[in-house]
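Single-letter residue listing:
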Amino acid sequence: MQKPLHWREIIITRLIQASGYSAILFVAAIFLFLMREGLPALGEVKFSDLLAVRWYPIEAYFGILPLITGSLIITIGAMLIAFPLGIATAVYISEIAPRWVREILKPLVELLAGLPSVMLGFLGILVVSPFLRTALDLPTGLSAFAGSLLLGGIAVPTIVSIAEDALDAVPRSYREGAWALGATKWQTIWRVTLPAARSGVLTAIMLGIGRAIGETMAVMMVTGNAPVLAITPGSLFAPARTMTATIAAEMGEVASGSTHYHVLFFIGIVLFMISLAVNIAASSVVFRAKKRAERILS
Amino acid sequence: MDKILIDSLSLQYADGTESLRNVSLAIPEKAITVLFGPAGGGKSTLLRCLNRLNDLTEVRASSGKVLIDGENVLDPKTDVIALRRKVGMVFARPVVLPMSIRGNLTYGLELAGETRRSRLDEAVERSLRLAAIWDEVKDRLDEPAIALSGGQQQRVCLARVLALQPEIVLLDEPTSGLDPISTGKVEAALQELKKDYTIILVPHSVQQAGRTADHAAFFLQGELVEFQPGHGIFTNPRDKRTEDYVTGRFG
């Protein structure tokens, strides 16, 4: 007996397959484009000049070090703010808050995670930086610290949301086990629940970093955008400029195919590498945790 | 002598389900008292009253008293942390904490403020021996406890409770997930332990109830149907419902 041809089945399967492949294709195309436009920079500017400390493209100074350090100092500052706040909030929502508070807070935090960052940029320009200027007696409030504060605020909802899910997934029996041994609520959280949710909490932190380092608009609006090498602690309170802000601000006005144009794409490559490293670190943590779980189950 | 005196205890969960109805029971010290009966009879709830673990679930109304050494532990002024050190508990599913075997054993003691290394090591060995697992784990105390088999994990949980030197040990179906050999080891350990501890066991089968009990209480739908000191409940039940359950007519 001949097997009948199921045309509908075949067409639908092929369509799904095609959209799956196209997603991979698009990412690959973006990557190739980035490489094609960015790598020529290495031929046009000496590598040592790229790693110089002066960014002044009009005079052909293409040192991207200030931009990298600017991004790093702002991201590190943001994380120092966002880690403790994010984890503490997640612990509060998952472990301490009464049920009705949790049911209000959780959706609220998720709503915040979706807030357009330009809105926070507004807030930064109008409220945060004038406040910093008067409170810390700075020449200008538009500084790396203002950027850190805003980025921290942007990363907190992401961290809270994911870390809370991880804490929530810790079996109730773990907590009961600790309580039955005479542990207090805090001892249980610190020594049992948090370590048990470790991999999820680390993922939350990694994604928070990813969110912060890739952020453009809010940072561009409040950091003052001066490409100054930021390596002393004091530079946290001086204007700084990030890689993302540089690309966003200059890409529109650059002559296509010029050295400046290629260097901007090269910055994109550096950014891409950093994001990739953060993501690999995050997924390897998750992967390791999963492997351990599988070993236990087998 | 009676260690625990439960006096007309009634309990209701927040969703309205009744869990215990006017239960009165005297539990003798240094013996194994078994609470058995079909699921949903209130055995676990009763255990959780004894160390106040029910505080964490939503319990609406409770009346009656639970006296341990003459003190009503349901009194809101009771020091719950101290109570839980005195009344240890082993759960149905072994819950090893996410740390090393040694860490699991010393955790409770460290919480109680013990820092002397020698005392901690001593407690680790003593309690692992009591739980009949010392020989199996003595060479790998610093490995993660999660890597042990289920039966070993359950005995580590028992040892962890014993490390605190409680007076009462509650066991809620401690062998329900274990193979017969591990179950035998746990039961043998209990027979040793009863010389020094008051043990209350919710068994996972009538057979286990019969094997382990010094005294036994039969629970049905939140009600204490029958309690007899000694083995009488299995050989000579007074209540028709007990007889039906023990002989396997239902359950």
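One can find the structure itself at the top, above this paragraph.
The structure contained in this document is the topic of the report that follows. (Residues numbered from 1 in each chain as written. Chains lettered and ligands numbered in written order. Predicted model: local features only at pLDDT ≥ 70, side-chain atom pairs only at ≥ 80, totals over all residues.)

Secondary structure summary: chain A contains 13 helices and two strands in total. Principal axes of the C-alpha set define a box for chain A whose edges measure 75 × 70 × 35 Å. Classification of the 298 residues of chain A by burial places 39% in the buried group. Look at the contacts in chain A between residues 6 or more apart in sequence, and 75% of them connect residues 24 or more apart. (Helix = DSSP H or I, 4+ residues; strand = E, 2+ residues; numbered from the N terminus. Buried ≥ 20, exposed ≤ 12 C-beta atoms within 10 Å, placed from the backbone. Contact = placed C-beta atoms within 7 Å.)

Residue and element names in this part refer to chain B. Read across the open sheet, the six strands follow the order β6-β7-β8-β3-β9-β10; overall the sheet is mixed. Two strands bound the open sheet, and with one partner strand each, they are β6 (87-90) and β10 (223-229). Going from strand to strand, the sheet's axes swing by 15° on average, the running direction of each strand aside. With three bridges connecting them, strand β3 (residues 32-36) and strand β8 (residues 198-202) associate as parallel partners. Within β8, the position partnered with Ile-32 by the bridge is Ile-199. (Pairing = 2+ DSSP bridges. Axes fitted to C-alpha atoms, helices over the stretch in contact; angles between N-to-C directions.)

Bringing the nonpolar core into the picture now. In terms of nonpolar packing, the biggest core is built from 132 residues, with Leu150(A), Leu151(A), Ile159(A), Ala163(A), Ala159(B) and Leu170(B) touching the most fellow members. Top contributing element to this core by residue count: helix α7 (residues 144-168) of chain A, with 15 residues. Setting aside chain neighbours within four positions, we find Ala163(A) in contact with Gly86(A), Ile87(A), Ala90(A), Gly200(A), Val201(A) and Ala204(A). Formed by 12 residues, the second largest nonpolar core is a distinct cluster that contains Val45(A), Trp55(A), Phe62(A) and Met243(A). (Core = buried A, V, L, I, M, F, W, Y, C linked by C-beta atoms within 7 Å.)

This part covers helix α10 (residues 198-214) of chain A. All names here are of chain A. With 17 residues, α10 ought to run about 24 Å at 1.5 Å a step, and its terminal C-alpha atoms sit 24 Å apart, in line with that. Burial of α10 is extensive: 12 of the 17 residues sit out of reach of the surface. Every buried residue of α10 is accounted for by Gly-200, Val-201, Thr-203, Ala-204, Ile-205, Met-206, Gly-208, Ile-209, Gly-210, Arg-211, Ala-212 and Ile-213. (Expected span 1.5 Å × (residues − 1).)

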